[in-house]
Amino acid sequence: TEIVNPNPYIAPELTAIETSYVAQLMQDPGVQTALEAVPGMRSLHLHQLSAQDIKLGALSGQETAERMRAGNLTATEVVESAINRAKAGDHLATIDHALFDEARAKAAEMDRNRDFSAPFAGVPSMTKANVKVEGAPTSYGSRDVGTNTATANSPHVDALLALGFIPIAISKSSEFGFNG
């Protein structure tokens, strides 16, 4: 007989400890609400995340920024949580280039200066591989272009940075951004 896993959040290949941890996470009503609000988070390896990582992943950018301005969250907490979610999705192969260290440094600087005046100050974000981020490789979603380290930001990235967003990674893109 085939054994059917009654909990869709627990992958069959997890160890007993990991399975127990995810089952425990699922007892938290805040985690359940977050996963219902953002169904895509279910595809992450939940056993790699804390309850806070999951709950923060369900907040909008505006809610996140408001909580940081109110002093209820730090940019460091928010960025680290976003990095944890990105790493828990490694199996999805969506990241072209990680900017984790740069994001951590920017978050720490924001926390030190307590400067959350920009509308989305401290909110983690990603850009696509066909947009230039200074100091990072721009692949344009193609393996054939080699490594093109951007010497300046695209105007799009400058606009995101001016709004206070902190890029944590560059996500993969269709080749040269073309539609299918």
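Residues numbered from 1 in each chain as written. Predicted model: local features only at pLDDT ≥ 70, side-chain atom pairs only at ≥ 80, totals over all residues. Heavy atoms only, no water.

Below, the discussion takes up the nonpolar core. Met 68, Val 79 and Ile 168 are the most contacted members of the largest nonpolar core, which has 24 residues in total. The leading source of residues in this core is helix H5 (residues 75-87), at six residues. Leaving out residues up to four positions away in the same chain, Met 68 has contacts with Leu 73, Thr 74, Ala 75, Val 78, Arg 114, Phe 116, Ala 121, Gly 122 and Val 123. Counting residues in each nonpolar core, the second largest holds 12 residues, with Ala 34, Leu 44, Leu 46 and Ala 88 among its members. (Core = buried A, V, L, I, M, F, W, Y, C linked by side-chain atoms within 4.5 Å. Buried < 20%, exposed > 50% of the residue type's maximum accessible area, 1.4 Å probe, protein only. Helix = DSSP H or I, 4+ residues; strand = E, 2+ residues; numbered from the N terminus. Contact = heavy atoms within 4.5 Å.)

A few words on helix H6 (residues 100-113). Across its 14 residues, H6 extends 20 Å between first and last C-alpha, which sits within 8% of the 20 Å expected from 1.5 Å per residue. Taken together, the buried residues of H6 touch H5, strand S1 (95-98) and strand S3 (166-171). Downstream of H6 by a residue or two, Arg 114 has a phi angle that is positive, lying close to 50°. (Expected span 1.5 Å × (residues − 1).)

Looking at the element boundaries, Phe 116 is found in the loop between H6 and strand S2 (124-128). The sequence separation of Phe 116 and Leu 163 amounts to 47 residues, and the corresponding C-alpha distance is 10 Å. Every residue in contact with Phe 116, bar those within four places of it in the chain, is listed here: Met 68, Arg 69, Ala 75, Met 110, Asp 111 and Ala 121.

Any functional reading would require information that these geometric values do not contain.
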